[in-house]
Amino acid sequence: METNNRHIHIKSVSIGQMEFRVQFNAARIRSSAAKTDAFSIAHRRCFLCKENRPPTQPSKDWKGKYEILENPFPIFPQHLTIPTYEHTPQQLQGRYADMLDLAEGMPQFTVFFNGPRCGASAPDHMHFQAGSRRFMPIEEQWQERIGEHLAVEGKARLHLMIHDPRNTLLMIADEKKDAVVLFERLMQVLSTKTSSPTLTETPSNLEGEPMVNVLTYYEGGQWFTFIFPRTKHRPSCYFAEGGEQMIISPASVDLGGVFITVREEDFERLNATTIEHILHEVCWQDTDIETFKNELNGRT
């Protein structure tokens, strides 16, 4: 699906030597302002279940496990939603191998996952998304910011990106099986640092799922996976009143470097200072990273 550029505006913002982009995309209000509390989820039809989708919406099977759909409100030039056939909670644990397979099978796309409290507008139905490669700045930025080596498993290596306001983890893997083992170890550590959600936030069967956004793509025989550990679902500006409010609900694409705004006034106001403040609120800080490194090394 090609994005309708008549209704989308983009500007660039620099934070230090890092580029971020801001996209004004009013159609994304359905996602950015989605109510994801347990009561709201229980009282709406799941828009990812086949019986609730328009009968004319094209779909393609993937290994009998997922459907590949065109996203009706695209961010990317090509934007896909990839839900499971069954209505099951948004949970990445046990599905990372599927994510790697999707990335390998669709090398023209970056595959991404939004956690149930990290931007997913359907926390009750497991789904990935995929968007056009090289759309997000981080896909090129990492080469100049690959930093400390945190862990290794066979031919999979975990790094911390340096000079990055998001405290991003990057795994580069030559072997899928090694990537899965290292990722599962990583998720175990992240689970211990994430408090369980309350019933008013997400369905109770998601307790223990870490707050995380994940991007992955396949290139040159390697998988590249960016992991963004989170401390908060939405920044304080989302809940502010009057002129202080900005409807910004960061998910994978925002953390990948393209902030999505659904109101023109938010598009105009979002700048380097406000982006840094939002990242500081929702992403790990240096103290979180130090604790994580100690815990990860303890499991090595």
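The preceding data block contains the structure.
Note that the structure is predicted; figures quoted are calculated from it, not measured. (Residues numbered from 1 in each chain as written. Predicted model: local features only at pLDDT ≥ 70, side-chain atom pairs only at ≥ 80, totals over all residues. Heavy atoms only, no water.)

**Observations concerning the sheet that holds strand 2 (residues 18–25)**
- The 3 strands are arranged 1-2-13 in an open sheet whose pairing can be described as mixed. The sheet terminates laterally at strand 1 (8–15) and strand 13 (258–261), the two strands that pair on one side only. Put simply, the sheet's adjacent strands are angled 25 degrees from each other on average, direction ignored.
- Sheet analysis places strand 1 next to strand 2, joined by 8 bridges and oriented antiparallel. (Pairing = 2+ DSSP bridges. Helix = DSSP H or I, 4+ residues; strand = E, 2+ residues; numbered from the N terminus. Axes fitted to C-alpha atoms, helices over the stretch in contact; angles between N-to-C directions.)

**As for the pattern of salt bridges**
- On inspection of all chains with the given rule, the structure shows 21 salt bridges.
- Ionic pairing is found between K176 and D101, a salt bridge with its closest N-O pair at 2.7 Å. Separated by 75 residues along the polypeptide, K176 in helix 5 (residues 176–193) and D101 in helix 3 (residues 96–105) bring together distant segments of the chain.
- Judged by relative accessible area, which is 16%, D101 ranks as buried.
- Among the ionic pairs, D174 bridges to R157, the shortest N-O distance being 3.5 Å. On the criterion of sequence distance, the pair formed by D174 in the loop between strand 10 (169–173) and helix 5 and R157 in strand 9 (residues 156–161) is long-range, its members being 17 residues apart.
- Under the relative-accessibility criterion, R157 is labelled partly exposed at 23%. (Salt bridge = Lys/Arg side-chain N within 4 Å of Asp/Glu carboxyl O. Buried < 20%, exposed > 50% of the residue type's maximum accessible area, 1.4 Å probe, protein only.)

**Considerations on the side chain of T81**
- Along the chain, T81 falls in strand 5 (residues 79–83).
- Among the polar contacts made by the side chain of T81, one reaches the side chain of N71 at a distance of 3.0 Å.
- Contact partners of T81, with chain neighbours within four places excluded, come to L48, E67, I68, L69, N71, H127, F128 and Q129. (Polar contact = N/O pair within 3.5 Å; in protein donor to acceptor, adjacent residues only side chain to side chain. Contact = heavy atoms within 4.5 Å.)

**Description of the pairing of strand 8 (residues 146–153)**
- As paired elements, strand 8 and strand 9 share 5 bridges and run antiparallel to each other. The partner of A151 across the bridge, within strand 9, is L158.
- Following strand 8, the chain reverses through 2 residues before pairing antiparallel with strand 9; G154 in that reversal takes a positive phi of roughly 60 degrees.

**Focus on the packing of aromatic side chains**
- Evaluated as defined, the whole model comprises 14 aromatic pairs.
- Judged by centre distance (5.7 Å) and plane angle (45 degrees), the rings of Y66 and F128 are tilted. Of this pair, Y66 sits in strand 4 (residues 66–70) while F128 sits in strand 7 (residues 127–132); the two residues are 62 residues apart in sequence, bridging distant segments of the chain. As far as the burial class goes, Y66 and F128 line up, both buried.
- Cation over ring: K11 sits above F267, and NZ or CZ is 5.1 Å from the ring centre.
- Sitting over the face of the ring of Y217, R133 holds its NZ or CZ atom 3.8 Å from the ring centroid. (Phe/Tyr/Trp six-rings, centres within 6.5 Å; stacked < 30°, edge-to-face > 60°. Lys NZ or Arg CZ within 6 Å of the ring centre and 35° of its normal.)

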